Amino acid sequence: MTADIPRLARLLDDAVRNATAVAQISATEALTLQQAYEVQRQSIERRLARGERRIGVAMGFTSRAKMEQMGVHDLIWGRLTNAMIVEDGSTISRKRFVHPRVEPEVAFLLRKPLSGIVTAMQARDALEAVAPALEIIDSRYQNFRFSLTDVVADNSSCSGLTIGPWSSPHQPLDNLGIRVMVNGRAHSFGSTAAILGDPVRSLVGAAGLVAISGEVLEAGHIVMAGGAMAAFELHVGMHVELEVDRLGRTSFTVAE
Ligand code: OOG
Ligand code: MG
């Protein structure tokens, strides 16, 4: 049976818009990875048709902690739109999401396009800036459970992001301490080293992966490097703050 890709794109787009969970696609249909990315592309096209704007990509499963938490061991990527931006320090409504989680990341801003097989040096040279970032992920699947193709079709669970102050990328980024605070109390500690040994490697991976789908990382776009630690659940009343050594802080609050 051939997969009805436009129907699956609509299913996941509706799940995002209504903040309601759907059954895993893999329970009933065997998509190839390429088909899963095509579902993702078409579901994002629906958002762009409603006026949203593409602003970059989010990498997934770039740390062992994330791979092990979700049981997926392949690098994946998702598409970011401007509607996913949560202003630094602002408050979001829990109602927008099915079962949101948050994870600490770093974000890259590109000054030059990047695509295909590139070296770490070329990736570094394409950077305009780097910032601490929090990604809000929200699987559209019941119980936050999925296969590789499920999560790819679901835009790699991307749902929101806050970005802290931008800094010069011309500094070592491979071992910056990460602290996550919840309601002013230490929640977890880590290092950017958890992201493929150096988050710049995530950018190298992003350039290669988007090229397979015929895309380019564009100048002015953002690349989220992927969670350095396991994601944790968000609940009403939580104030989440990330601090990354030398890069600074970013935060948001969850309201009703
Ligand atoms: C998939 C998204 C993975 C990351 O940073 O590794 C991701 C998920 O965990 O739901 O965003
Ligand atoms: Mg992430």
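That block above? That's the structure.
Asker: Which parts of the structure should I look at to understand the site of ligand 1?
Answerer: Close to ligand 1 lie 16 residues, the nearest being Phe-61, Lys-66, Glu-103, Ser-157 and Gly-227. Here an oxygen atom of ligand 1 sits 2.7 Å away from a polar atom, N or O, in the side chain of Glu-103. Here ligand 1 is seated within the largest cavity. Those elements giving two or more residues to the shell around ligand 1 turn out to be β1 (54–60), α3 (64–70), β4 (101–110) and β5 (127–137). Its residues placed into classes, the shell around ligand 1 shows seven nonpolar, five polar and four charged.

Asker: Please clarify how the pairing of strand β11 (residues 239–244) should be interpreted in this entry.
Answerer: On a regular strand, each side chain points to the face opposite its neighbour's, so the side chains alternate between the two faces of the sheet. As paired strands, strand β7 (residues 177–182) and β11 are joined by five bridges and run antiparallel to one another. In the sheet register, Arg-179 faces β11, and the bridge partner there is Glu-243. For β11 and strand β12 (residues 248–255), the ladder comprises six bridges, and the chain directions are antiparallel. If you follow Val-244 over to β12, its bridge partner there is Gly-248.

Asker: Where do I start with the coordination of the magnesium ion (ligand 2) in this structure?
Answerer: The textbook angles at a metal center are 109.5 degrees for a tetrahedron of four donors and 90 or 180 degrees for an octahedron of six. Protein coordination at the magnesium ion (ligand 2) comes from Glu-103 (OE), Glu-105 (OE) and Glu-135 (OE), with a distance range of 1.9 to 2.0 Å. On the primary sequence, the residues serving as donors to the magnesium ion (ligand 2) are separated as E-x1-E-x29-E. You can see Glu-103 sitting in strand β4 and its partner Glu-135 sitting in strand β5, a full 32 residues away along the chain. For Glu-135, a relative accessible area of 4% translates into the label buried.

Asker: Honestly, the sheet that holds strand β8 (residues 185–191) in this entry has me stumped. Any pointers?
Answerer: Working definition: the strands of a sheet are paired by backbone hydrogen bonds and lie parallel or antiparallel to each other. On the basis of which strands lie adjacent, the open sheet formed by five strands has the order β3-β12-β11-β7-β8 and mixed pairing. Of all strands in the sheet, those bounded by a partner on one side alone are β3 (91–93) and β8. With strand direction ignored, the average angle separating the axes of adjacent strands in the sheet is 20°. Both β3 and β12 contribute to a ladder of three bridges, which runs parallel. Paired with Thr-91 across the two strands is Thr-253, which belongs to β12.

Asker: Help me out: how do you make sense of unusual backbone geometry in this one?
Answerer: Glycine aside, residues mostly have negative phi, and peptide bonds are mostly found in the trans state. One non-glycine residue, Ala-19, adopts positive backbone phi at about 50°. Counting through the fold element by element, Ala-19 comes out in the loop between α1 (5–18) and α2 (33–49). Assessed through its relative accessible area of 18%, Ala-19 is described here as buried. Residues other than glycine seldom take positive phi values, yet Asn-143 does so here, at roughly 60°. Residue placement: Asn-143 occurs in the loop between β5 and α5 (148–153).

Reading the values: rules and limits
Residues numbered from 1 in each chain as written. Chains lettered and ligands numbered in written order. Predicted model: local features only at pLDDT ≥ 70, side-chain atom pairs only at ≥ 80, totals over all residues. Heavy atoms only, no water. Near = heavy atom within 4 Å. Polar contact = N/O pair within 3.5 Å; in protein donor to acceptor, adjacent residues only side chain to side chain. 1 Å grid on protein atoms, 1.4 Å probe; cavity = no way out; pocket = protein on both sides within 12 Å on 5 of 7 lines; lining within 4 Å. Sits in = over half its atoms within 2 Å of the grid points. Helix = DSSP H or I, 4+ residues; strand = E, 2+ residues; numbered from the N terminus. Nonpolar A, V, L, I, M, F, W, Y, C, P; charged D, E, K, R; others polar. Pairing = 2+ DSSP bridges. Donors = N, O, S within 2.8 Å, 3.2 Å for Na, K, Ca; no water. Buried < 20%, exposed > 50% of the residue type's maximum accessible area, 1.4 Å probe, protein only. Axes fitted to C-alpha atoms, helices over the stretch in contact; angles between N-to-C directions.

Purely geometric numbers; function is a separate question.
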